[in-house]
Amino acid sequence: MSDKTRKYFLAGQSGCGKTTLLKALAAREDRVVHWDIEDEYRGEQITFADIPRLAKRRAFCVVYRPHFARSLEDLPREFEQFAGLLLKYGRQLTVTIDEALSVLPRNRTSGGLGALLYQGRKRGLSVYYATQEISGLPRALTGQAKKLFVFHLDSGGDLQVLRRYLAPDLVRRVAALPPHEYLTVTK
Ligand SMILES: Nc1ncnc2c1ncn2[C@@H]1O[C@H](COP(=O)(O)OP(=O)(O)OP(=O)(O)O)[C@@H](O)[C@H]1O
Ligand SMILES: [Mg+2]
């Protein structure tokens, strides 16, 4: 069976426009869940208890603000639960994960985000994930993206990772991009 879910990966330096684009991409969809670590997304706020009920609804834009995590170290565990509930009860929806690096377990495994990317297809879960730097993401996560939206990046580590996916002239263009401009790469 072909995979119709969307896996969009947005990368770029702070302030370049990732969150703005993430919101615009999600606004095209009618069943959306935002993982909102920095109180930046608008929509009906939900708790874990609401996730099973989403399956019955036709259209929604809901926001989950992590609040169990008392420290950044706890955050991946809360995300793991969030992802687990979506995988169990979600269907035909789009989930956005901004600041993706912050939900990764410290042991550098792909964690809940990896689970969403690898297992979400069966439930029709599209995943949009954004990060300021890509060199910190496990290769399993960068490699799962079907479409990349690349804003300005200029650190050596990030450009090195980009060379896996982009031709050398495109990598040079990424390093020269002005704020708010991006390249798209479909794999
Ligand atoms: N296409 C655009 N044109 C003009 N201004 C923009 C555009 N995209 C974003 N901005 C503005 O740039 C600022 C930073 O945008 P945004 O918060 O989306 O960046 P970001 O990449 O998510 O940053 P961070 O990594 O720090 O979260 C905001 O004030 C936003 O309104
Ligand atoms: Mg942002």
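Bear in mind that the values here come from a model prediction, so they are computed numbers and not experimental data. (Residues numbered from 1 in each chain as written. Chains lettered and ligands numbered in written order. Predicted model: local features only at pLDDT ≥ 70, side-chain atom pairs only at ≥ 80, totals over all residues.)

A. Fine view of the nonpolar core. Counting residues in each nonpolar core, the largest one holds 44 residues, and the members touching the most others are Leu86, Val95, Leu113, Leu116, Tyr129 and Val150. Ranked by residue count, the leading element in this core is strand S6 (residues 125-131), at 5 residues. Leaving out residues up to four positions away in the same chain, Leu116 has contacts with Ala83, Leu86, Leu87, Val95, Leu125 and Val127. (Core = buried A, V, L, I, M, F, W, Y, C linked by C-beta atoms within 7 Å. Buried ≥ 20, exposed ≤ 12 C-beta atoms within 10 Å, placed from the backbone. Helix = DSSP H or I, 4+ residues; strand = E, 2+ residues; numbered from the N terminus. Contact = placed C-beta atoms within 7 Å.)

B. Representation of the sheet that holds strand S2 (residues 31-35) within the structure. If you trace the 8 strands from one edge of the open sheet to the other, you get S3-S4-S2-S5-S6-S1-S7-S8, paired in mixed fashion. Among the strands making up the open sheet, the edge pair consists of strand S3 (44-45) and strand S8 (183-186). Relative to strand S4 (residues 60-64), S2 runs parallel, the two being bridged by 5 bridges. Residue pairing across strands places Val32 opposite Cys61, the latter belonging to S4. Contacts from helix H3 (residues 75-89) reach S2, S4, strand S5 (93-97) and S6 within the one sheet, and its direction differs from that of S2 by about 165°. (Pairing = 2+ DSSP bridges. Axes fitted to C-alpha atoms, helices over the stretch in contact; angles between N-to-C directions.)

C. Region of interest: the packing of H3 against helix H4 (residues 111-119). Their axes nearest at 7 Å, the elements H3 and H4 cross at an angle of 20°. It follows from the interaxial angle that H3 and H4 lie roughly parallel. Classified by chirality, the crossing of H4 by H3 is left-handed. Contacts between H3 and H4 involve Pro76, Phe79, Glu80, Phe82, Ala83, Gly84, Leu86 and Leu87 from the first element and Gly111, Gly112, Leu113, Ala115, Leu116 and Gln119 from the second. Each residue belonging to the contact of H3 with H4 can be placed in one class, and the counts come to 9 nonpolar, 4 polar and 1 charged. (Parallel < 35°, antiparallel > 145°, perpendicular 65-115°, else oblique. Left-handed = near helix turned anticlockwise from the far one by under 90°. Nonpolar A, V, L, I, M, F, W, Y, C, P; charged D, E, K, R; others polar.)

D. Focus on the environment of Asp169. Summarising the element assignment, Asp169 is placed in helix H7 (residues 168-175). Along the backbone, Asp169 and Gln132 are 37 residues apart, and their C-alpha atoms lie at a distance of 21 Å.

E. A look at the pairing of S4. Pairing analysis gives 2 bridges linking S3 to S4, with the strands arranged parallel. In the strand pairing of S4, Glu44 is matched with Val62.

F. Spatial organisation of the site of ligand 1. Near ligand 1 the following residues occur: Gly12, Ser14, Gly15, Cys16, Gly17, Lys18, Thr19, Thr20, Gln132 and His180. When the residues that make up the shell around ligand 1 are grouped by side-chain class, the tally is 1 nonpolar, 8 polar and 1 charged. (Near = placed C-beta within 6 Å.)

G. Structural context of unusual backbone geometry. We note that Glu99 has phi near 55°; this positive angle belongs to a residue other than glycine. As for its placement among the helices and strands, Glu99 is situated in the loop between S5 and H4. Of the residues examined, Glu99 has 18 C-beta atoms within 10 Å and is grouped as partly exposed. The phi dihedral of His180 falls on the positive side, at around 75°, and the residue is not glycine. Secondary-structure assignment places His180 in the loop between H7 and S8.

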